[in-house]
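Report on the structure
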Amino acid sequence: MNLTQAYSPEHFRQKAHQLVDTLADYLSKAQNQTLKTVIPYRLPEENLEVWQQDFEEGKGNLLAFFEKVIEQSTHLHHPRYMGHQVSPPLPIAALTGLLTGMLNNGMAVYEMGLVSNPLERILSDLLANKIGFTTHASGLLTSGGTLANLTALLAARAAKAPTDVWEEGHSGRLAVMVSEEAHYCIDRAARIMGMGSEGIIKIPTNEHFQLRTELLEDYYQQASNEGLTVIAVIGSACSTSTGSYDDLKAIGKFCVQHNLWFHVDGAHGGAVVFSEKYKSLVAGINLADSVVIDWHKMLMTPALATALIFKNGDDAFKTFHQKAQYLWANQGSQEWFNSGKRTFECTKLMMSVKIYSILKAYGEEIFAENVDTLHGLAHDFVGIIQANPCFELGVEPQSNIVCFRFVGERQNPEAYNSVNTIIRQRLLEEGNFYIVQTTLREKLYLRVSLMNPLTTKEDLVALLAEIEKIAATIG
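Rules behind the numbers
Each chain carries its own residue numbering, running from 1 in the direction its sequence is written. Reporting of local features is limited, given that this is a predicted model, to residues whose pLDDT is at least 70; pairs of side-chain atoms are given and counted only at 80 or more, and all residues count toward the totals for whole chains, interfaces and linings. Hydrogens are left out, water is left out, and the side-chain values use all remaining heavy atoms of the structure. Every residue is assigned a pLDDT by the predictor, reflecting its confidence on a scale from 0 to 100. The contact rule is simple, with two residues in contact once any of their heavy atoms fall within 4.5 Å. Here, any two strands with at least 2 DSSP bridges between them count as paired. Only DSSP runs of H or I covering at least 4 residues are called helices, and only runs of E covering at least 2 are called strands; the numbering of each starts at the N terminus. A clockwise course of the path from the first strand over the helix to the second, judged with the strands pointing away from the viewer, identifies a crossover as right-handed. A simple rule labels every residue: compare its accessible area, found with a 1.4 Å probe on the protein chains alone, to the largest value its type can have, and call it buried under 20%, exposed over 50%, or partly exposed in between. UniProt positions are given in the numbering used here, feature names are shortened, and annotations may be inferred rather than shown by experiment. We call two N or O atoms a polar contact when they sit within 3.5 Å, provided that within protein one can donate a hydrogen and the other can accept it, with sequence-adjacent residues counted only if both atoms are side-chain atoms. An automatic or database domain assignment supplies the residue ranges for each domain. Once two parts are brought into contact, the accessible area they lose, counted with a 1.4 Å probe and summed over both, makes up the buried area. When a carboxyl oxygen of Asp or Glu lies within 4 Å of a side-chain nitrogen of Lys or Arg, that pair is called a salt bridge.

Interpretation of this model should avoid reading the predicted coordinates in detail wherever pLDDT is low. Looking at the protein chain, the pLDDT average stands at 92 and 95% of residues meet or exceed 70. Counted against residues more than four places away or in other chains, residues 322-329, with its pLDDT under 50, gives 13 contacts.

Here strand S2 (residues 173-179) runs beside strand S3 (residues 200-203); their pairing, made up of four bridges, is parallel. Across the sheet, Val176 pairs through a bridge with Ile200, a residue of S3. Taken together, S2, helix H9 (residues 184-192) and S3 form a β-α-β motif whose crossover is right-handed.

The subject of this paragraph is the environment of Ala175. Looking at the element boundaries, Ala175 is found in strand S2. Judged by its relative accessible area of 0%, Ala175 falls in the buried class. For the pair Ala175 and Ala307, spaced 132 residues apart in the sequence, the C-alpha separation amounts to 24 Å. Residues in contact with Ala175, not counting those within four places in the same chain, are Met195, Gly199, Ile201, Leu228, Thr229, Val230, Ile231 and Ala232.

So, about the UniProt feature "modified residue: N6-(pyridoxal phosphate)lysine" (unreviewed entry) in the protein chain. On the UniProt side, "modified residue: N6-(pyridoxal phosphate)lysine" (unreviewed entry) is annotated at positions that read Lys297 here. Here Lys297 shows up in the loop between strand S6 (290-294) and strand S7 (306-310). Look at Lys297 and you get buried, because its relative accessible area is 15%. The contacts of Lys297, once residues within four sequence positions are left out, are Gln85, Ser87, Ala267, His268 and Met451. Separated by 2.5 Å, the side chains of Lys297 and Asp294 make a polar contact.

Moving on to the domain arrangement of the protein chain. Accessible area lost during the coming together of the parts is what is often quoted as the interface size. You can read the domains of the protein chain as domain 1 (11-39 + 74-89 + 363-474) and domain 2 (106-362). Computed over C-alpha atoms, the centres of domain 1 and domain 2 are 29 Å apart. Contacts between the two partners involve 28 residues from domain 1 and, on the opposite side, 37 residues from domain 2. Here domain 1 meets domain 2 over a buried area of about 2,800 Å², counting both sides, of which 62% is carbon and sulfur. Of all residues in domain 1, Phe367, Gln398 and Arg441 give up the largest surface area on contact with domain 2, accounting jointly for 25% of the area buried on that side. Run the count over domain 1 and domain 2 and you get one salt bridge. Here Lys130 and Glu364 are joined by a salt bridge, their closest N and O atoms 2.5 Å apart. Viewed at the interface, domain 2 and domain 1 are joined by 16 residue pairs in polar contact (both at pLDDT 80 or more). Put simply, the parts of the chain that give the side of domain 1 that touches domain 2 at least two residues each are helix H13 (365-386), strand S9 (401-406) and strand S10 (436-440). At ten residues, the largest contribution of residues to the side of domain 1 that touches domain 2 is made by H13.

Structure below.
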């Protein structure tokens, strides 16, 4: 096949129909649980060998390749997928990915983002309203929570650092304050920004793994006495390991008192702003200067698609000041429709179209329904765990993340870590369920993120039964 034939509409039509049929069959098998496994786990070197062999075979049957990719991937649409905080995307949003992949319009300048830039504005305004910001708010989409949190902290530095770091470089020791349970990307962002380990002030957490807000003043004064300039406090909504929500009201009040930037990392749990039932978990989020929320977690959008919303829209433009004459005629103006003025990304994906397709097809109420369903599943799972004396909770969950561990008859607590490590590895190798693990205060717990709204109580009961079965084989 030559280059012209490769672009043939009829060739595309044929392959697209085959792929859609294949994906629909996969979706059916995942939902009725007739797939062989949730995760077809292999050791990394074994997997590499499989794909190296495939590569050496050269070109071949494209449909067979698609089927192989599906077969050997982790199946998020299987109701017994309970692993990482990645959504099984709505099929309509995944289908929209075919549309945006074909059009391939970037977003740095308005001419290349004629659709995606206006839709991004609409989606940002929607989230700003849900957060409780005024019409002065503004936002953007970017590729993931890590990049969004870094962008927010750069804005905090531009707003709160004593000098213009962008033009003059670092002339002082800057710091941020954050929960010890915060996502690792906050630590990474601070280090990328040149703050070093001393510039990441980690505040201890309480028994619920929430930032101890009563300690903020002491840690702030200690940092000041050591010559550090604290520019921001980051609240978790929610933390990654346990799904715990920090007291955003108390953090917001502290930041106002000391003229600090208040940032909320709501990558996972910020989605509750759509839920009347659970939005109280983020009470005080409207006090923040910036908020991050992932659309690709509890909002059912294909990864990556993350919103960064600023209370004051002007702050969105203070982070990046480079001139690019070949992109923008009006270099210094604040133009929402030229996305590249506010993000790291230039040729940014048309991610807003995928999100908007969900709203167009189902309305925003589907987001609330999903959040309520996933939190309800976690509540059900807690009841199932507490009714079984062979298991104990790590902490009473606030979200759809549940940490628990097998304890058997509690005869040898010192063996709990090793026993649960073996259980998790056996589950991975068998592939009937996919869960992960975490360590809380030196105790290892099994951890589920209930991301699939088609998961049932029967699936959760079956998970505990599988764990007990594995535990019975451990010497």
